[in-house]
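# Reading the structure
Spelled out from the first residue to the last, the chains are:
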Amino acid sequence: MLSNKDYWIKRYQEMKGFNVVGHRSWTYEEYIKETQKFFKHIDKHIPTEFKKDKDNKEDRFVLDFGCGIGRCIPFLSQYFGNYIGVDIVDEVIIRNRKRFRKIEDDCKLEFYTIRHDGVIPVKRKFDLIFSNVVLQHVVDDGLLRFYVHQFRTLIKNNGKVLLIENIDQKPKKHQGVKKYIKFRSFNQYKDLFEPYFKLKLVDKFVSSKEEHGVMIGEL
Ligand SMILES: C[S@@+](CC[C@H](N)C(=O)[O-])C[C@H]1O[C@@H](n2cnc3c(N)ncnc32)[C@H](O)[C@@H]1O
């Protein structure tokens, strides 16, 4: 049985990046269409304070936790002048560094690999910690708690966490991959974030026939 990290390394080696971060059955056109739909849906959940002063975004920092191939950069770079993407797969981080210019639409971009021991190798404080369908792949509750603890140290006092995860509790067809995915309920996420963040479920939507929750965490 592969480790969680080796499972993701293998996925990125064997599949097109857009199939890894989206759905394995999507064509590239479907990926673009679904991603645009997703951006439209999620836009209303970007806290308004980050939307004001779009022209003064150079002081705002966003952490994209589990950034994958950087699919959310065009969306997040509208509101944040500084984007840092982190992921456990080194190859994807190296690829991102080559693929994206250092500055995209007046947004500075940096990418780092999460260390083997789970340490996020970033020192600065963020206005927003964003994570899209990543925490469901952190199967180990202990590791997820460790990430949440680091989110606490990485967030500004008035910062927010914005999470999008599959919170569907119905039995799934692809339970076969359950070693690499854990379908937690909103209450399970709430408990895991509780020591540091007040987590609220602000929206639900269906993507790839499964219910996703949009959750916002505040200190
Ligand atoms: C479904 S993809 C989503 C990627 C990106 N957030 C997006 O929306 O396009 C899940 C990502 O989580 C990363 N990942 C898996 N396990 C992880 C872990 N334990 N810690 C951090 N990231 C992890 C994978 O490498 C992969 O890039």
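See the structure shown above.
In this report, we go over the structure that sits alongside the text.

Turning next to the nonpolar core. The biggest cluster of nonpolar side chains holds 69 residues, and the ones touching the most others in it are Phe65, Tyr83, Phe130 and Phe193. Those residues in contact with Phe65, other than ones at most four positions away along the chain, are Val86, Ile114, Ile120, Phe130, Ser131, Val134, Leu135, Tyr147 and Phe151.

Applying the stated criterion to the full structure yields 10 salt bridges. Across the salt bridge formed by Lys160 and Glu49, the nearest N and O atoms sit 2.7 Å from each other. Of this pair, Lys160 sits in strand β6 (residues 155–166) while Glu49 sits in the loop between α3 (28–43) and β1 (61–65), and the two are 111 residues apart along the sequence. Of the residues examined, Lys160 reaches a relative accessible area of 11% and is grouped as buried. The partner of Asp127 in a salt bridge is Lys156, with the nearest N and O atoms 3.0 Å apart. Here Asp127, found in strand β5 (residues 126–132), pairs with Lys156, found in strand β6; they are 29 residues apart in sequence, far enough to count as distant. We classify Asp127 as buried; its relative accessible area is 8%. You can call Lys156 partly exposed: its relative accessible area is 24%. Several salt bridges converge on common partners, so that one network encompasses Glu49, Lys160 and Glu218.

Calculation rules
Residues numbered from 1 in each chain as written. Predicted model: local features only at pLDDT ≥ 70, side-chain atom pairs only at ≥ 80, totals over all residues. Heavy atoms only, no water. Core = buried A, V, L, I, M, F, W, Y, C linked by side-chain atoms within 4.5 Å. Buried < 20%, exposed > 50% of the residue type's maximum accessible area, 1.4 Å probe, protein only. Contact = heavy atoms within 4.5 Å. Salt bridge = Lys/Arg side-chain N within 4 Å of Asp/Glu carboxyl O. Helix = DSSP H or I, 4+ residues; strand = E, 2+ residues; numbered from the N terminus.

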